[in-house]
Amino acid sequence: MPDVFADLVGQDEAVVELRRAAAAAAAVLRAAAADRAPALLAAGPTGGDEPEAAAVPGGPDVSTGMTHAWIFTGPPGSGRSVAARAFAAALQCVHGTGCGECPGCHTTMGGTHADVRLVEPEGLSIGVNDMRALVLRAASTPSGGRWQVVVISDADRLTEAAGNALLKAIEEPPPRTVFLLCAPSTHPDDVSVTIRSRCRVVPLRQPPAAAVAEVLVRRDGVAPDVARWAAAAAQGHVGRARRLARDPEARKRREAVLAVPRRLTGVGAAFDAASALIEAAEAEAEASVSEADTTERTALERALGAGGTGRGAAGAMRGAAGQLKELEKRQKSRATRAQRDALDRALVDLAGFYRDALTMALRAPVDPVHTDTAAMAGAGAQKWDAEGSLRRLEAVLACRAAIEANVKPRIAVEAMMLALWKG
Ligand SMILES: [Zn+2]
């Protein structure tokens, strides 16, 4: 039976470190049960002589033991949140190992453990009110008798105020609370220097395509040849590879994106391609959030008494307008984020195509990202040479950077399409 770390693809070093920490954490609980050393950091290879030593300024314990705050970093799709969830399960595991079979493991992996809270920003950022409420709840005694675990899946999307609220909690952590943050990197743009200095960092790498293909076959029952193709096309992004292998719509969208290079025959065609790309991202985002939007709105309206015919109903509805407005604001923000994510996926696919053209022009001995458009990339390599291929690849990457820096997506994509056409 695979344990909770089995889905962490191609991250052997991180898994070793997390297993060790989970064992140290279990030792802390055993010691506490024996009423010897209740402080979290008393355990681990450093021994119990100076139980407070690692908790004071100077940052987390750098030994192999357990600590209160962690940051999982790595490129998108490397499995940051998968790693955090697996570690949370190992902390709640009754055997302290992340066996994958006990109730602690099961409920954590299934997202229903009472002492594991997962924070996923709905909009573009995590606000201070959410964070304060969370920090407060995280300070309570774990109902299961082990740890209160808070997983913050996009710590780079914390607002400054929310970051400060979190920092306070990390600086003076309740004895049984563990914070698991996920972020693309420890760059100050992603995680504040002060939060970073209080956390142990677990760097994840982009998993090799072979490892991604292996997990698709083993866990998802994907045919080996499809798994190999999807793993390569997804460029190390495990979730994306799974979607490509299983969802015909995702495959269709990818094909439309990869048809862009041969559609760029003039200025008009470049603008058309830009519109098509933006609209496809909007449609994909709409499909992904519309169901949740409707469910939330119906639930809120019901809670607020909409549809009631009693005398109080009209008045209650007037008071509810503010709450509905608040919900609409949150939903709009989530839709914006979904659009950006969809557009970014398209740009990564496109970058992969020009990267293939570049490696072919250079005759570099590497496998293409997109095996199914390799012939087209080869033709591009002939026509553009290495220099022209590189300029086009850079145009795609510049577009991603511009959108990241809040340039209006349509403007950034139009500029990119013109650059791709002109070379
Ligand atoms: Zn277990």
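Here, every reference points to the structure presented above.
Structural notes, computed from the coordinates. Predicted model, so just to flag it, every value in this text is computed and none were measured.

Attention now goes to the overall build of the protein chain. Each helix and strand counted, the protein chain has 15 helices and 5 strands in total. Counting across all 423 residues of the protein chain, residues that qualify as buried make up 46%. A separation threshold of at least 6 residues defines the contact pool for the protein chain, and within that pool the share at least 24 residues apart is 71%. Carbon and sulfur atoms provide 54% of the accessible area of the protein chain, an area that totals close to 20900 Å².

Another point: the packing of helix α14 (residues 374–404) against helix α15 (residues 409–422). Contact geometry for α14 and α15: axes closest at 9 Å, N-to-C directions at 175°. With respect to α15, the element α14 is oriented roughly antiparallel. Seen from α14, the contacting residues are Arg392, Ala395, Val396, Cys399, Ala402 and Ile403; seen from α15, they are Pro409, Ala412, Val413, Met416, Ala419, Leu420, Trp421 and Lys422. Looking at the contact of α14 with α15 residue by residue, the class counts come to 12 nonpolar, no polar and 2 charged.

Here we come to the coordination of the zinc ion. Only Cys93 (SG), Cys99 (SG), Cys102 (SG) and Cys105 (SG) from the protein coordinate the zinc ion, and they sit 2.3 to 2.4 Å from it. Geometry at the zinc ion is tetrahedral, judged from the 4 donor atoms that bind it and their angles of 105 to 115° at the metal. Positions of the donor residues of the zinc ion along the chain correspond to the pattern C-x5-C-x2-C-x2-C. Taken together, the residues span a long stretch of sequence, with Cys93 in the loop between α2 (80–92) and α3 (103–110) and Cys105 in helix α3 at a distance of 12 residues. Since its relative accessible area comes to 1%, Cys105 is described here as buried.

Moving on, we get to the sheet that holds strand β1 (residues 69–73). Ordered by their spatial adjacency, 5 strands build an open sheet running β2-β3-β4-β1-β5, and the pairing between neighbours is parallel. The open sheet has two edge strands, β2 (116–119) and β5 (200–203), and neither has a second partner. Going across the sheet, the axis of each strand differs from the next one's by a mean of 15°, ignoring polarity. Summarising the sheet, strand β3 (residues 148–152) and strand β4 (residues 177–183) pair through 5 bridges and their orientation is parallel. Looking across to β4, one finds that Val151 is bridged to Leu180. The sheet strands contacting α2 are β1, β2, β3 and β4, and the helix crosses β4 at an angle near 165°.

In this section: the environment of Val260. Of note, Val260 is situated in helix α11 (residues 260–263). Between the C-alpha atom of Val260 and that of Asp272, which follows or precedes it by 12 residues, the distance is 10.0 Å. Other than its neighbours up to four places away in sequence, Val260 contacts Leu350 and Met417.

Before going further, it helps to examine the packing of aromatic side chains. Counting across every chain of the model gives 3 aromatic pairs. The interplanar angle of 85° and the centroid separation of 5.1 Å between the aromatic rings of Phe353 and Tyr354 together place this pair among those described as edge-to-face. Residue Phe353 is classed as buried on the basis of its relative accessible area, which comes to 1%. Residue Tyr354 is classed as buried on the basis of its relative accessible area, which comes to 1%. With 5.6 Å between their ring centres and 40° between their planes, Tyr354 and Trp384 make a pair best called tilted. Placement of the pair is Tyr354 in helix α13 (residues 313–361) and Trp384 in helix α14, with a sequence separation of 30 residues. Comparing Tyr354 with Trp384 shows no difference in burial state: the two are buried. Here the aromatic residues Phe353, Tyr354 and Trp384 are joined through ring pairs into a cluster of three or more.

For helix α10 (residues 248–258), the complete set of buried residues consists of Ala250, Arg254, Val257 and Leu258. Buried residues of α10, viewed axially, fall in a sector of 95°; they line one side.

A cluster of nonpolar residues, Val267, Phe271 and Trp421, forms a patch on the protein surface that exposes about 240 Å² of accessible area. With respect to the helices and strands, Phe271 occurs in helix α12 (residues 267–303).

Extensive coverage of β4 is indicated by the burial of 7 of its 7 residues. Alternating residues of β4 divide into Thr177, Phe179, Leu181 and Ala183 and Val178, Leu180 and Cys182, and every residue in both groups is buried. Relative to β4, β1 runs parallel, the two sharing 5 bridges. Its bridge partner lying in β4, Phe72 is registered against Cys182. Taking the sense of rotation as the criterion, the β-α-β connection linking β3, helix α5 (residues 160–171) and β4 turns out right-handed.

Ranked by internal contacts, the top residues of the largest apolar core, which has 36 residues, are Met66, Trp70, Phe72, Phe87 and Leu180. Looking at this core, the elements with two or more residues in it are α1 (12–33), β1, α2, β3 and β4. Counting residues per element, this core draws most heavily on α1, which supplies 9 residues. Of all hydrophobic cores here, the second largest spans 34 residues; its members include Ala357, Ala412, Val413 and Leu420.

Reading guide: rules and limits
Residues numbered from 1 in each chain as written. Predicted model: local features only at pLDDT ≥ 70, side-chain atom pairs only at ≥ 80, totals over all residues. Heavy atoms only, no water. Helix = DSSP H or I, 4+ residues; strand = E, 2+ residues; numbered from the N terminus. Buried < 20%, exposed > 50% of the residue type's maximum accessible area, 1.4 Å probe, protein only. Contact = heavy atoms within 4.5 Å. Areas by Shrake-Rupley, 256 points an atom, 1.4 Å probe, with all protein chains shown as cover. Axes fitted to C-alpha atoms, helices over the stretch in contact; angles between N-to-C directions. Parallel < 35°, antiparallel > 145°, perpendicular 65-115°, else oblique. Nonpolar A, V, L, I, M, F, W, Y, C, P; charged D, E, K, R; others polar. Donors = N, O, S within 2.8 Å, 3.2 Å for Na, K, Ca; no water. Tetrahedral: all angles 85-135°; square planar, octahedral: opposite > 155°, others 65-115°. Pairing = 2+ DSSP bridges. Phe/Tyr/Trp six-rings, centres within 6.5 Å; stacked < 30°, edge-to-face > 60°. Arc of directions from axis to C-beta. Patch = residues over 30% accessible without salt bridge, like charges linked within 9 Å, V, L, I, M, F, W, Y side chains within 5 Å. Salt bridge = Lys/Arg side-chain N within 4 Å of Asp/Glu carboxyl O. Right-handed = clockwise from strand over helix to strand, strands pointing away. Core = buried A, V, L, I, M, F, W, Y, C linked by side-chain atoms within 4.5 Å.

So, to be careful, I would describe these as geometric facts and stop short of saying anything about function.
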